[in-house]
Amino acid sequence: RDLHSFPTRRSSDLQIIAANSSAALAFQNPGDATDVLAALGSDRRVLAACLYDAKGKVFAQYPAQSPSSGFPEPAGVSGYRNGFLEIFCPVEQDGRRLGTVYLRSDLSILTDRYKAYSLLSLVIVSVSFLMALFLARLLRGELVTPLLALARTARQVSEKSDFTLRARRFGSDELGVLTDDFNQMLARLQTQAQALRDSEANYREIFQKANDGILINDPENPDRPILDMNEIGRA
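Rules used in this analysis
- Residues numbered from 1 in each chain as written.
- Predicted model: local features only at pLDDT ≥ 70, side-chain atom pairs only at ≥ 80, totals over all residues.
- Heavy atoms only, no water.
- Helix = DSSP H or I, 4+ residues; strand = E, 2+ residues; numbered from the N terminus.
- Contact = heavy atoms within 4.5 Å.
- Polar contact = N/O pair within 3.5 Å; in protein donor to acceptor, adjacent residues only side chain to side chain.
- Core = buried A, V, L, I, M, F, W, Y, C linked by side-chain atoms within 4.5 Å.
- Buried < 20%, exposed > 50% of the residue type's maximum accessible area, 1.4 Å probe, protein only.

Thoughts on the environment of Ser-22
Then comes step 1: Its place among the elements puts Ser-22 in helix α1 (residues 8–26).
Then comes step 2: Here the alpha-carbon distance between Ser-22 and Val-91, two residues 69 residues apart in the chain, equals 6.0 Å.
Then comes step 3: When neighbours within four sequence positions are excluded, Ser-22 is seen to be in contact with Val-91, Glu-92, Gln-93 and Leu-98.
Then comes step 4: Among the polar contacts listed, one links the side chain of Ser-22 to the backbone oxygen of Ala-19, at a separation of 2.9 Å.

Here you go:
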């Protein structure tokens, strides 16, 4: 597998080691190569590393006392094996291959990355939940409050038969338009109710002031045959 398909930090470290080891291989200086590999000691996750020469022999190793027999063939393929991450990186200079750097690391680098991804996912989910909660509260104020106001006004109109009441308008959106339509309906009902009252008043005035007695009866209702009469009719 390609070196860059593995964790970026680990592959980058190995490429730096390879670049710094080229001179030691070119001049056949095992001491310098050992010093370069010793820089890996600052990373507790590195278990072992070595530098192969062009012939595939172990030229230097880390830790320095590690037996050469404990390292794989230099032509190995990078990958995850036996619970470890193994990476091979060529050492080149002026287009000429001088050797290979090998590194064996535990999988805590992946565990750390998974932990970081998990933490990032948790943060994203938490932020999304808080945003959803915030939007729900915001929408509750923008949607529920106008609807409750409409319902409250409709209930008062039904209980009191008072068509002079009007619902409060909270905005210019669809709910605002709905509130306007509701108030216009109340206005029309108010006009019709007033016209009905005026017509009733006119009728009563004519009925009472008539020069002749007027009696309205209901022959189909023997219990209450007389429905209404004017003053002259009573006389």
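Overview of the nonpolar core
Then comes step 1: Within the largest apolar cluster, 22 residues are counted, with the highest numbers of intra-cluster contacts made by Leu-37, Leu-40, Leu-51, Val-91 and Val-101.
Then comes step 2: Breaking this core down by element, the ones donating at least two residues are α1, α2 (30–38), β1 (46–53), β2 (58–62), β4 (84–93) and β5 (96–106).
Then comes step 3: Per-element tally for this core: the top contributor is α1, with five residues.
Then comes step 4: Not counting residues up to four positions away in its chain, the partners in contact with Leu-51 are Ser-21, Leu-25, Ala-33, Leu-37, Lys-57, Val-58, Phe-59, Ala-60, Val-91, Thr-100 and Val-101.
Then comes step 5: Grouped together as the second largest cluster of nonpolar side chains are six residues, Ala-48, Cys-50, Tyr-52 and Tyr-102 included.

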